[in-house]
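Single-letter residue listing:
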Amino acid sequence: MAEKLIRVLVAKPGLDGHDRGAKVVARALRDAGMEVIYTGLRQTPEQIAAAAVQEDVNVVCLSLLSGAHNHLFPKVVQLLKEKDAGDILVVGGGVIPDADIPYLKENGIAEIFTPGTPTSKAIEFITSHVQ
Amino acid sequence: MELLKEARNGNKRAIARLITLAESEAEEASHALQQLYAYTGGAHIVGITGPPGSGKSTLTDKIVKKLRKEDKKVAILAVDPTSPFTGGAILGDRVRMSDLNLDEGVYIRSLGTRGKLGGLSKAVHYATKILDACDYDYIFIETVGVGQSEVDIVKTADTTIVVMVPGLGDDIQAIKAGILEIGDLFIVNKSDRDGANRLSIELQMMLDLNAVKSEWTPPINMTVASKSEGVDEVVEKIKNHFVYLQESGELTVRRRQRLETEIIDLVIQKLTTYMTKKMSKEGSYEEELNRVFNKETDPYTLVNKMLNESLK
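Residues numbered from 1 in each chain as written. Chains lettered and ligands numbered in written order. Predicted model: local features only at pLDDT ≥ 70, side-chain atom pairs only at ≥ 80, totals over all residues. Heavy atoms only, no water.

### Describing the overall build of chain A
Quick note on the threshold: Working definition: helices are DSSP H or I runs of at least four residues, strands are E runs of at least two. Numbering for both runs from the N terminus. Exposed residues in this analysis have more than 50% of their type's maximum accessible area, buried residues have under 20%, and partly exposed residues fall in between, with area computed by a 1.4 Å probe over protein chains only. Residue contacts are counted whenever heavy atoms from the two residues lie within 4.5 Å of one another.
Regarding its fold elements, chain A presents five helices and five strands. Scanning chain A from its N terminus toward the C terminus, one meets helices and strands in the order β-α-β-α-β-α-β-α-β-α. In terms of overall dimensions, chain A has C-alpha extents of about 45 × 35 × 25 Å along its principal axes. Taken across its 131 residues, chain A has 56% of its residues classed as buried. For chain A, restricting intrachain contacts to residue pairs at least 6 apart in sequence, the fraction spanning at least 24 positions comes to 70%.

### Focus on the pattern of salt bridges
Counted only if it meets this: For this analysis, a salt bridge means a side-chain nitrogen from Lys or Arg found within 4 Å of a carboxyl oxygen belonging to Asp or Glu.
Going through the model one piece at a time under the given rule, you end up with 29 salt bridges over all chains. Between A:Lys23 and A:Asp19 there is a salt bridge, with its nearest N and O atoms 3.3 Å apart. Put simply, A:Arg7, A:Glu35, A:Glu55 and B:Arg94 are held in one network by salt bridges that share partners.

### Here's the deal with the packing of helix H10 (residues 231-248) of chain B against helix H11 (residues 250-281) of chain B
For any two helices packed against each other, one specifies the crossing angle of their axes together with the interaxial distance. All names here are of chain B. Stated precisely, the cut-off is as follows: Note on geometry: axes are lines fitted to C-alpha atoms, helical ones only across the stretch in contact, with angles between N-to-C directions running from 0 to 180 degrees. Convention used here: angles under 35 degrees read as roughly parallel, angles over 145 as roughly antiparallel, angles from 65 to 115 as roughly perpendicular, and any remaining angle as oblique. Residue polarity is assigned by list, with Asp, Glu, Lys and Arg as charged and Ala, Val, Leu, Ile, Met, Phe, Trp, Tyr, Cys and Pro as nonpolar; anything else, Gly included, falls into the polar class.
Where H10 contacts H11, the two axes come as close as 5 Å, and the packing angle between them is 90°. Of the possible angle classes, the one that applies to H10 and H11 is roughly perpendicular. Judged by residue contacts, His241, Phe242, Tyr244, Leu245, Gln246 and Ser248 of H10 engage Glu250, Leu251, Arg254 and Arg255 from H11. For the contact of H10 with H11, the per-class residue count stands at four nonpolar, three polar and three charged.

### Some points on the sheet that holds strand E4 (residues 89-94) of chain A
Short version of the rule: When DSSP finds two or more bridges between two strands, those strands count as paired.
Ordered by their spatial adjacency, six strands build an open sheet running E5(A)-E4(A)-E3(A)-E1(A)-E2(A)-E3(B), and the pairing between neighbours is parallel. The open sheet has two edge strands, strand E5 (111-113) of chain A together with strand E3 (89-91) of chain B, and neither has a second partner. Looking at each pair of strands side by side, their axes are set apart by 25° on average, direction ignored. Summarising the sheet, strand E3 (residues 59-64) of chain A and E4(A) pair through six bridges and their orientation is parallel. Residue A:Cys61 lies in a different strand from E4(A), and its bridge partner there is A:Val91.

### What to know about the sheet that holds strand E4 (residues 106-112) of chain B
Strand pairing in a sheet relies on backbone hydrogen bonds, with the paired strands running either antiparallel or parallel. All names here are of chain B. Across the sheet, seven strands lie side by side as E4-E2-E5-E1-E6-E7-E8; this open sheet has parallel pairing. Looking at the sheet topology across the chains shown, the edges are occupied by E4 and strand E8 (220-222). Here the strands of the sheet are splayed against their neighbours by 20° on average, with no regard to which way each runs. Where strand E2 (residues 74-80) and strand E5 (residues 138-144) come together, five bridges link them in parallel fashion. Residue pairing in the sheet places Ile76 in a bridge with Phe140 of E5.

### Side note on the environment of A:Ala22
Residue and element names in this part refer to chain A. Relative to the assigned elements, Ala22 resides in helix H1 (residues 20-31). Considering only alpha carbons, one finds Ala22 and Leu62, 40 residues apart in sequence, at a separation of 8.2 Å. Setting aside residues up to four positions removed in sequence, Ala22 forms contacts with Val10, Lys12, Tyr38 and Ser63.

### A few points about helix H9 (residues 196-209) of chain B
Residue and element names in this part refer to chain B. Cut-off, in case you're wondering: The span one expects for a helix is its residue count, reduced by one, times 1.5 Å. This arc corresponds to the set of directions leading from the helix axis out to the C-beta atoms.
Counted at 1.5 Å a residue, the expected span for H9 with its 14 residues is 20 Å, and the 20 Å between its end C-alpha atoms agrees. For H9, the complete set of buried residues consists of Ala196, Leu199, Ser200, Leu203, Met206 and Leu207. Each buried residue of H9 sits inside an arc of 125° when the element is viewed along its axis, so together they form one side. Of the exposed residues in H9, those oriented more than 90 degrees away from the buried face are Asn197, Arg198, Ile201, Met205, Asp208 and Leu209.

### Section: the nonpolar core
Residue and element names in this part refer to chain B. Heads up, the rule is: In these notes, a set of buried Ala, Val, Leu, Ile, Met, Phe, Trp, Tyr and Cys residues joined through side-chain atoms within 4.5 Å is what counts as a nonpolar core. Start and end positions for the domains come from either an automated domain assignment or a database one.
Residues Ile15, Leu77, Tyr107, Ile130, Leu131, Tyr136 and Ile139 are the most contacted members of the largest nonpolar core, which totals 32 residues. The set of elements that each furnish at least two residues to this core consists of helix H1 (2-8), helix H2 (12-23), helix H3 (27-36), E2, E4, helix H5 (119-133) and E5. Here the element with the most residues in this core is H2; it accounts for seven residues. Looking at which domains feed residues into this core, each of domain 1 (1-39) and domain 2 (41-248) supplies at least three. Residues contacting Leu131, with those up to four places away along its chain left out, are Ile15, Ile19, Ala75, Leu77, Tyr107, Tyr136 and Ile139.

### Topic: the packing of aromatic side chains
Aromatic rings considered in pairs are described by the distance between their centres and by the relative angle of their planes. Test applied: Only Phe, Tyr and Trp rings are paired, with Trp represented by its six-membered ring, and only when their centres lie within 6.5 Å; those with planes under 30 degrees apart are stacked, over 60 edge-to-face, the remainder tilted. Note on criteria: charge over ring means Lys NZ or Arg CZ within 6 Å of the ring centre, with the direction from the centre no more than 35 degrees off the ring normal.
Tallied over the entire structure, the rule returns three aromatic pairs over all chains. Here A:Phe113 and A:Phe125 contribute two aromatic rings whose centre-to-centre distance is 5.9 Å and whose plane-to-plane angle is 75°, an arrangement assigned as edge-to-face. Of this pair, A:Phe113 sits in strand E5 while A:Phe125 sits in helix H5 (residues 119-129); the two residues are 12 residues apart in sequence, bridging distant segments of the chain. Judged on exposure class, the residue A:Phe113 and its partner A:Phe125 are both buried. Ring geometry for B:Tyr138 against B:Phe140: centres 6.3 Å apart, planes inclined by 20°, an arrangement best described as stacked. Accessibility classification places B:Tyr138 together with B:Phe140 in one group, the buried group. Sitting over the ring of B:Tyr39, B:Arg8 keeps its end group 3.6 Å from the ring centre. When the ring centre of B:Tyr136 is taken as reference, the NZ or CZ atom of B:Lys73 above it lies at 4.5 Å.

### Topic: the domain arrangement of chain B
By convention, interface size is frequently given as the accessible area that disappears when the constituent parts associate. For chain B, the domain assignment lists domain 1 (1-39), domain 2 (41-248) and domain 3 (266-310). The gap between the C-alpha centroids of domain 1 of chain B and domain 3 of chain B is 34 Å.

### Overview of unusual backbone geometry
Negative phi values dominate among residues other than glycine, just as trans dominates among peptide bonds. All names here are of chain A. With a phi angle near 50°, Arg42 is a residue other than glycine that sits in the positive phi range. Turning to its location among the elements, Arg42 is positioned in the loop between strand E2 (35-38) and helix H2 (45-55). For Asp84, which is not glycine, the phi dihedral falls at a positive 65°. Take Asp84: it is sitting in the loop between helix H3 (69-82) and E4. Look at Asp84 and you get exposed, because its relative accessible area is 60%.

Printed below as a string of structure tokens:
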């Protein structure tokens, strides 16, 4: 009975105390039958990468509303690669200007979900992109 | 087996992969599990249970930090419930332990209960064995102590800690749930709150009523985990209990008993998996069910028939 269960880490990097969005996403993913590990607020990229490795997740969802995404998101991707965990899918969400999205995608963030995205879209993306 | 070698060298990615594979009963895992069994037995396994919000994760965090000062390698298995409706779960115990993420000597893994068929005990069993073989000195298993499966998990530990908090009417809850019998150590957490002393006294009275069956008298410790108060004493008691287990010979007895239940559990689970698969493969099952439903036959005849056919 090796049914494949998708494990997701939902993380809040940096100095940002608003996790309502992250919790909505966590809940939606749970209701879609995934195992969601929530890290809590104000995590460093190092903490997030370490948690992702220990939990052996398939996906890391980063949520950020503070504006530091161009710095923090690629850093998580880079640390995962260093830990031999570059196969983990990394997606991001939050208040992210359209202009920044190409840069983030170039740096290994598979997809960015901005405010107003239906949770079903994120679920669909994750389900179809997890190896 | 490359993965096993990597894991035993302390590569957390490899340990994590191995646990995932074992949890999903993958082919690769069973070989690794067979090989690593010889290396198990060195870890002190500590179960921590108590009602939601009693401070288990915070307490675990503080206990582990203390043990890390003594340079012990520590693993934590944090169990949270899986939704029986969607199969999904939110595992949030890491929130209280995020300082430990970057500690090389600590491994934290969140596990969902994954519902039926004893999935939880199986996952915890495999994960414990893997971590034990990877030379962790302590393995903490943290579960919400409300259901039978959680109590079963805790029973697999060498030392079981029951965490209580004032204000939940816990004195009565304690007799109801039978957790008085499973605790080797009791903790009244959030003891700066009203009612902590009363809870401690009531607990003591209840424990005094237990039929004497061992040399070990379960101590009751008062803690305020969020402020690290009383944590050093708890660590002391955990160690004392292990010394007691070793010196009294009870460790051997407990582990021997545990082995027996583990093996029976695994056999039952394999059989269940086998039967469920077999029954869903053979189309006749649905038909038979309809026959029972229409009172053409009865459930007991069907069960006997199914059993006889599959054991042929």
